[in-house]
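# An overview of the molecular structure
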Amino acid sequence: MFTLKLMRRRGMTQRTFASTAGQSHENPLGLPFRPPSAPQMPRRGGPIQKRRIEHVKKVIVVASGKGGVGKSTIAVNLAFSLAMLSHRPRVGILDLDIFGPSIPTLMGLQHSDDPHLTSAGALVPIINHGIPTMSMGYLVPRPPSNSTEFEGAIVWRGLMVQKAVQQLLFDVDWRDAGGAGPGVDVLIIDMPPGTGDVPLTLGQLVVVDGAVIVSTPQDVALTDVRRGISMFKKISVPITGLILNQASFLCPSCNTAHDLFGTSTNASRLGIPLLAQLPLVGGVSWGGDRGIPYVLEGKNGSDKDARAGEMWRDEMNKAASKIWGLVHS
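Structural notes, computed from the coordinates. (Residues numbered from 1 in each chain as written. Predicted model: local features only at pLDDT ≥ 70, side-chain atom pairs only at ≥ 80, totals over all residues. Heavy atoms only, no water.)

Before going further, it helps to spend a moment on the packing of aromatic side chains. In total, this model carries one aromatic pair according to the counting rule given. A centroid spacing of 5.5 Å and a plane angle of 85 degrees characterise the contact between Y294 and W312, whose relative ring orientation is edge-to-face. Taken as a pair, Y294 in the loop between helix 7 (282-289) and helix 8 (306-327) and W312 in helix 8 lie far apart in primary sequence, 18 residues in all. Across the pair, exposure class does not vary: Y294 and W312 are buried alike. (Phe/Tyr/Trp six-rings, centres within 6.5 Å; stacked < 30°, edge-to-face > 60°. Helix = DSSP H or I, 4+ residues; strand = E, 2+ residues; numbered from the N terminus. Buried < 20%, exposed > 50% of the residue type's maximum accessible area, 1.4 Å probe, protein only.)

Spelled out as structure tokens, the structure:
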């Protein structure tokens, strides 16, 4: 089990996790006491009052019922594509994958210092490439700087997970400059796979402006994605559309597209708008492992990606424009 200990260093409040058995179900992240900030789950049924996340104008979740389809990679690159729109909205990323957080690695922050706390006891996001982020991966013991192995497993039951999700949703201060600046125009939330406690808690407590579904074209992936779409509809989360990842392989010699994992016809049966079809590009994985989102490489990306890399970035940027328009319509 992990719990939080506060340390005073040079007059600044910092937090760090330590191994201990004294874990509170009401405060799994071990934050200082704060007045209840999250909507309360009714004990005897009845409606739950959803609310906005403080200092966040719009919330977009990136989700999939299937793991391993590139959802976290899409979430990070989508955030940067939105941030690079002509009016330069301020975008944040929240990683709600409690058991397998990927955002620290994808953002090059797996060896970052622990998050600071505001004077009110809220977590301060960690920033890289100009984007503020928060993740469970920042709140558990990290590997040494010369290692990429994750050494701390989260072993929690449902109640602990629900409370941790509530704290990550409502106990993070998304304002710039440590609480003195503006909040974020859009918060991208990277969801875990499946239809369990995390998406249900989010959907019941937070006003979500849109859900972007990520999948690959195989029927085995789309079957699970269909379940995820059904769950979002049941908890009244609007579906913005589908991003089809690894939709094709573009031959670098002849620029012919090959459908390696199925065709977009399979995805069309989901009955939701198709926002983008992303080709298979090696540089996307390479950049993710090194904490450099692929859309930031621009036309200076790897020569071996060639036309496929350019198509990938164009599709992602077009998807960002569509999503911005849909959630603001």
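Let us look at the pairing of strand 3 (residues 56-63). Burial analysis of strand 3 places seven of its eight residues in the buried class, which makes it a mostly covered element. Bridge count between strand 3 and strand 7 (residues 184-190): six bridges; the pairing is parallel. Considered in strand 7, the bridge of I60 is made with I188. (Pairing = 2+ DSSP bridges.)

On the secondary structure map, V281 appears in the loop between strand 11 (274-279) and helix 7. Classification of V281 as buried rests on a relative accessible area of 8%. A C-alpha to C-alpha distance of 6.2 Å links V281 and D305, two positions 24 residues apart in sequence. Once you skip the residues sitting within four places of it in the chain, V281 turns out to touch Y294, D305, A308, G309 and W312. (Contact = heavy atoms within 4.5 Å.)

A separate point is empty space enclosed by the protein. According to the stated counting rule, one finds two cavities of 30 Å³ or more in the structure shown. One number sums up the size of the largest cavity: a volume of about 60 Å³. Surrounding the largest cavity, 13 residues form its lining, A63, S64, G65, G228 and F232 being those nearest its centre. Of the residues forming the lining of the largest cavity, the biggest block, five residues, is contributed by helix 5 (residues 219-234). Of the residues belonging to the lining of the largest cavity, the class tally is nine nonpolar, four polar and no charged. Forming the boundary of the second largest cavity are T73, V76, N77, L106, V284, G287, G288, I292, P293 and Y294. (1 Å grid on protein atoms, 1.4 Å probe; cavity = no way out; pocket = protein on both sides within 12 Å on 5 of 7 lines; lining within 4 Å. Points joined across faces, edges and corners; volume = space filled by probe spheres on them. Nonpolar A, V, L, I, M, F, W, Y, C, P; charged D, E, K, R; others polar.)

Attention shifts here to the side chain of D97. Mapping D97 onto the fold places it in the loop between strand 4 (91-95) and helix 2 (103-106). With no salt bridge to any partner, buried D97 finds its closest opposite charge in K71, at an N-O distance of 5.0 Å. (Lys, Arg positive; Asp, Glu negative; His and termini not counted. Salt bridge = Lys/Arg side-chain N within 4 Å of Asp/Glu carboxyl O.)

The end-to-end C-alpha distance of helix 8, which contains 22 residues, comes to 32 Å, matching closely the 32 Å that a straight helix rising 1.5 Å per residue would cover. Every buried residue belonging to helix 8 is among A308, G309, W312, R313, M316, A319, A320, I323, W324 and V327, and all of these are buried. Along the axis of helix 8, the buried positions cluster into a sector of 145 degrees, meaning they face one direction only. (Expected span 1.5 Å × (residues − 1). Arc of directions from axis to C-beta.)

What follows deals with the environment of Q277. Structurally, the position occupied by Q277 is in strand 11. Distance from Q277 to E315, taken between C-alpha atoms, is 6.8 Å for residues 38 residues apart in sequence.

The packing of two helices is summarised by the inter-axis angle and the distance between the axes. Running from amino to carboxyl end, helix 3 (residues 158-170) crosses helix 4 (residues 197-205) at an angle of 45 degrees, the nearest separation of the two axes being 9 Å. When the axis of helix 3 is compared with that of helix 4, the two are oblique. When the axes of helix 3 and helix 4 are compared, the crossing they make is right-handed. Residues G158, V161, Q162, V165, Q166, L169 and F170 of helix 3 pack against D197, V198, T201, L202 and L205 of helix 4. (Axes fitted to C-alpha atoms, helices over the stretch in contact; angles between N-to-C directions. Parallel < 35°, antiparallel > 145°, perpendicular 65-115°, else oblique. Left-handed = near helix turned anticlockwise from the far one by under 90°.)

Once that is clear, we can look at the nonpolar core. For soluble globular proteins, the rule of thumb is that nonpolar side chains tend to be buried together. Counting residues in hydrophobic clusters, the biggest one holds 94 residues, and the most contacted among them are L96, I98, L169, I188 and I189. Residue contacts for L169: discarding those within four places in its chain leaves I53, L94, L96, I189, L202 and V206. (Core = buried A, V, L, I, M, F, W, Y, C linked by side-chain atoms within 4.5 Å.)

Attention now moves to the pattern of salt bridges. Pairing is possible between side chains of opposite charge, provided their charged atoms come close. Throughout the structure, instances matching the rule amount to 10 salt bridges. Between K66 and D224 there is a salt bridge whose closest N-O contact spans 3.4 Å. Separated by 158 residues along the polypeptide, K66 in the loop between strand 3 and helix 1 (71-83) and D224 in helix 5 bring together distant segments of the chain. When its relative accessible area of 26% is taken as the criterion, K66 is described as partly exposed. As a salt-bridge pair, R227 and D224 come within 2.4 Å of each other at their nearest N and O atoms. Here R227 pairs with D224, and both are found in helix 5, just three residues apart, close to one helical turn. Residue classification places R227 among the partly exposed residues on the basis of a relative accessible area of 48%. A single salt-bridge network, built from bridges that share partners, covers R52, K58 and D209.

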